[in-house]
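Here is what each chain is made of, one letter per residue.
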Amino acid sequence: QVQLVESGGDLVQAGGSLRLSCAASGLTFSSHPGGWFRQAPGKEREFVAAIAWNTYITYYADSVKGRFTISRDNAKNTVYLQMNSLKPEDTAVYYCAADDRFSSAQGMTNRGARIKYWGQGTQVTVSS
């Protein structure tokens, strides 16, 4: 059974930082592109960041460029999202995702992309 388990969500003040973790079981994360998405109340789920399985090239939504950093630790089978300079508009449930083995991380950036594996989400709330 594949499981992606997010942790690290919290209530923080604007300008603060959080690091989200996504620990995978039932798959070897090193051969899958990984990513983070978020969904705010009343809005559709949107892409946040992705990282390739081979080149480690990263992709970011324009709204988080320069503030968020996605990384991976294959030895720990974990993908991270470091979030700095948080804004109230970053408030959302954040979901970890993994796509098909050896597939393109860039494909995760497309609206309507059908991602194969999802975590249950972790709440991030940023107060003003």
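Fair warning: this is a prediction, and the values are worked out from it, not measured in the lab.

**Q** Just checking my understanding: could you explain the overall build of the protein for this structure?
**A** Tallying secondary structure elements over the protein gives 0 helices and 11 strands in all. Reading the protein from its N end, one meets helices and strands in the order β-β-β-β-β-β-β-β-β-β-β. Its C-alpha atoms give the protein a radius of gyration of 13 Å, near enough to 14 Å, the size a compact globule of 128 residues would have. Each principal axis of the C-alpha atoms in the protein carries an extent, and together these give about 40 × 25 × 25 Å. Going through the 128 residues of the protein one by one, you find that 42% of them count as buried. Long-range pairs, those at least 24 residues apart, make up 61% of the contacts in the protein with a sequence separation of at least 6. If you sum the accessible surface of the protein, you get close to 6,700 Å²; carbon and sulfur atoms cover 45% of it. Here the protein carries 13 positive and 10 negative side-chain charges, and the mean point of each set is 3 Å from the other.

**Q** Help me out: how do you make sense of the packing of aromatic side chains in this one?
**A** Two aromatic rings are characterised by how far apart their centres lie and by the angle between their planes. Considering all chains together, one arrives at 3 aromatic pairs under this definition. When the ring of F37 is compared with that of W118, the centres are 5.0 Å apart and the planes differ by 65°; the resulting orientation is edge-to-face. Here W118 lies in strand 10 (residues 117-118) and F37 lies in strand 4 (residues 34-39), a separation of 81 residues in the sequence. Judged by relative accessible area, which is 7%, F37 ranks as buried. The class of W118 is partly exposed, set by a relative accessible area of 30%. Consider the rings of W53 and F102, whose centres lie 5.0 Å apart with planes at 70°: the pair is edge-to-face. In this pair, W53 sits in the loop between strand 5 (46-51) and strand 6 (58-60) while F102 sits in the loop between strand 9 (92-98) and strand 10, placing the two residues 49 residues apart along the sequence.

**Q** It is not clear to me how the side chain of D99 should be interpreted in this structure. Could you clarify?
**A** On the secondary structure map, D99 appears in the loop between strand 9 and strand 10. One buried charged residue, D99, remains without a salt bridge, the closest side chain of opposite sign being K116 at 7.4 Å. The contact partners of D99, leaving out residues within four places of it in the chain, are H32, P33, M108, R114, I115 and K116.

**Q** What exactly am I supposed to notice about the nonpolar core here?
**A** Most often, soluble globular proteins keep nonpolar side chains buried together rather than apart. Counting residues in hydrophobic clusters, the biggest one holds 36 residues, and the most contacted among them are F29, W36, L81, M83 and Y94. The set of elements that each furnish at least two residues to this core consists of strand 3 (18-25), strand 4, strand 5, strand 7 (68-73), strand 8 (78-83), strand 9 and strand 11 (122-127). If sequence neighbours within four positions are ignored, Y94 has contacts with E6, L20, W36, F37, R38, V48, F68, L81, M83, G121, T122 and V124.

**Q** Honestly, the pairing of strand 3 in this entry has me stumped. Any pointers?
**A** The side chains of a regular strand alternate, residue by residue, between the two faces of the sheet. Bridge analysis of strand 1 (residues 3-7) against strand 3 gives 5 bridges, and the strand direction is antiparallel. Paired with Q3 across the two strands is S25, which belongs to strand 3. Direction of pairing for strand 3 relative to strand 8: antiparallel, over a ladder of 6 bridges. For A23, the partnering residue across the bridge sits in strand 8 and is T78.

**Q** What am I meant to see in the sheet that holds strand 8 here?
**A** Here 4 strands make up an open sheet; going across it, the order is 1-3-8-7 and the pairing antiparallel. The two strands at the open ends of the sheet, each matched to only one other strand, are strand 1 and strand 7. Within the sheet, the average angular offset between the axes of one strand and its neighbour, ignoring direction, is 15°. With 6 bridges connecting them, strand 7 and strand 8 associate as antiparallel partners. Paired with S71 across the bridge in strand 8 is Y80.

Cut-offs and rules
- Residues take numbers from 1 onward in each chain, read along the sequence in its written order.
- Local features are withheld for residues below a pLDDT of 70 in this predicted model, meaning they are given only at 70 or higher, and side-chain atom pairs are given and counted only at 80 or more; totals for whole chains, interfaces and linings count all residues.
- To obtain the side-chain values, all non-hydrogen atoms of the structure were used and water was disregarded.
- For the purposes of this entry, the term helix denotes a DSSP run of H or I that reaches at least four residues, the term strand denotes a run of E that reaches at least two, and both are numbered from the N terminus.
- Each radius of gyration is computed over the set of C-alpha atoms, and the globule rule expresses the reference value as 2.2 Å times the number of residues to the power 0.38.
- Buried means the residue's accessible area, taken with a 1.4 Å probe over protein chains only, is under 20% of the maximum for its type, while exposed means over 50%, and partly exposed covers the values in between.
- In this analysis, two residues are considered to be in contact whenever any of their non-hydrogen atoms come within 4.5 Å of each other.
- For accessible areas, the Shrake-Rupley method is used with a probe of radius 1.4 Å. Any residue's cover is judged against the shown protein chains and nothing else.
- Positive charges come from Lys and Arg, negative ones from Asp and Glu, while His and the chain ends are left out of the count.
- Where a charge lies is defined by one atom per residue type, namely NZ (Lys), CZ (Arg), CG (Asp) and CD (Glu).
- Centres within 6.5 Å make a pair out of two Phe, Tyr or Trp rings, where for Trp the six-membered ring is used; the pair is then stacked when the planes are under 30 degrees apart, edge-to-face when over 60, and tilted otherwise.
- Salt bridges are identified by distance alone: a Lys or Arg side-chain nitrogen within 4 Å of an Asp or Glu carboxyl oxygen.
- We define a nonpolar core as any set of buried Ala, Val, Leu, Ile, Met, Phe, Trp, Tyr and Cys residues linked to one another through side-chain atoms lying within 4.5 Å.
- When DSSP finds at least two bridges between two strands, those strands are taken to pair.
- Interaxial angle, 0 to 180 degrees, is taken between N-to-C directions of lines fitted to C-alpha atoms, where a helix line uses only the stretch in contact.

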